[in-house]
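Close look at the chain arrangement
Below, each chain spelled out in residue letters.
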Amino acid sequence: MINFKIQAQDWPILKLKLQRKYNRLTDEDLAFQEGQEDELLRRLAKRLHRNVDYVLFTLSKEMSDLNSNSL
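Quick caveat, the model's predicted, so the values are computed rather than measured.

Counting its secondary structure elements, the protein chain contains three helices and zero strands. Taking 2.2 N^0.38 as the reference for a compact globule, 71 residues should give roughly 11 Å; the C-alpha atoms of the protein chain span a radius of gyration of 11 Å, in line with that estimate. Each principal axis of the C-alpha atoms in the protein chain carries an extent, and together these give about 30 × 25 × 20 Å. Per-residue burial for the protein chain yields a buried fraction of 34% across its 71 residues. For the protein chain, contacts bridging at least 24 residues in sequence account for 52% of all contacts bridging at least 6. With the model as given, the accessible surface of the protein chain reaches about 4700 Å², and the carbon-plus-sulfur share is 47%.

Tracing the backbone shows aspartate 38 in helix α2 (residues 37-48). With 35 residues separating them in the primary sequence, aspartate 38 and asparagine 3 have C-alpha atoms 8.6 Å apart.

So, on to the nonpolar core. Counting 17 residues, the largest nonpolar core has Trp11, Leu18, Leu44 and Leu59 as its most contacted members. Secondary-structure elements contributing two or more residues to this core are α1 (11-21), α2 and α3 (52-64). Ranked by the residues each element gives to this core, the list is headed by α2, at five residues. Discounting residues that sit within four places of it in the chain, leucine 44 has contacts with Leu18, Leu25, Asp29, Leu30, Val55 and Leu59.

Taking 1.5 Å of rise per residue, the 13 residues of α3 would be expected to cover 18 Å, and the 18 Å separating its terminal C-alpha atoms lies within 8% of that figure. Buried within α3 are the following residues: Val55, Thr58, Leu59 and Glu62. For α3, the arc enclosing every buried residue in end-on projection is 95°, short of the 170-degree limit, so these residues lie on one face. Seen from the buried face of α3, the exposed residues on the opposite side, beyond 90 degrees, are Asp53, Phe57 and Ser64. Buried residues along α3 sit against α1 and α2. Of the residues that open α3, the one with a side-chain oxygen 3.2 Å from the backbone nitrogen of aspartate 53 is asparagine 51.

Right, let's get into unusual backbone geometry. Positive phi is not limited to glycine here, since histidine 49 has a value of about 60°. Tracing the sequence through the fold places histidine 49 in the loop between α2 and α3. Relative accessible area serves as the criterion here: at 71%, histidine 49 is assigned to the exposed category.

The rules behind the values
Every chain's residues receive numbers from 1 upward, in the order its sequence appears when written. Residue-level local features of this predicted model are given only where pLDDT is at least 70; pairs of side-chain atoms are given and counted only at 80 or more, and the full residue set underlies all totals for whole chains, interfaces and linings. Calculated side-chain values reflect all of the structure's heavy atoms, with hydrogen atoms and water omitted. Strands are runs of DSSP state E lasting at least 2 residues, helices are runs of H or I lasting at least 4, and numbering of each runs from the N terminus. Atoms considered for the radius of gyration are the C-alpha atoms alone. The globule rule reads 2.2 Å times the number of residues to the power 0.38. Only protein chains enter the accessibility calculation, which uses a 1.4 Å probe. A residue is then buried if its area is under 20% of the maximum for its type, exposed if over 50%, and partly exposed in between. Residue contacts follow a heavy-atom distance rule, with two residues in contact if any of their heavy atoms lie within 4.5 Å. For the area figures, the Shrake-Rupley method with a 1.4 Å probe applies, and any residue is considered shielded solely by the protein chains shown. Side-chain atoms within 4.5 Å link the members of a nonpolar core, which is a set of buried Ala, Val, Leu, Ile, Met, Phe, Trp, Tyr and Cys residues. To estimate the expected span of a helix, count its residues, drop one, and scale the result by 1.5 Å. Along the arc lie the directions from the helix axis toward the C-beta atoms. Pairs of N or O atoms are called polar contacts if they sit within 3.5 Å, as long as, within protein, a hydrogen donor faces a hydrogen acceptor (for residues adjacent in sequence, only side-chain-to-side-chain pairs).

Just geometry here; none of it tells us what the structure is for.
Structure representation (structure tokens):
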């Protein structure tokens, strides 16, 4: 289990940023409910052909400045 939390109010912005960065991700790939972060990380890692650590790093980086337009 990974100790990583996404707040429900932050998810729409984070989801949009991920869709812009990885345009091949579908709404199904990005389906998320609070408390199911581990499932999301594993699903994204599989879809992006990366490891969970990479996905965790990417999400953490994007969450650090949600108001930024940079990817």
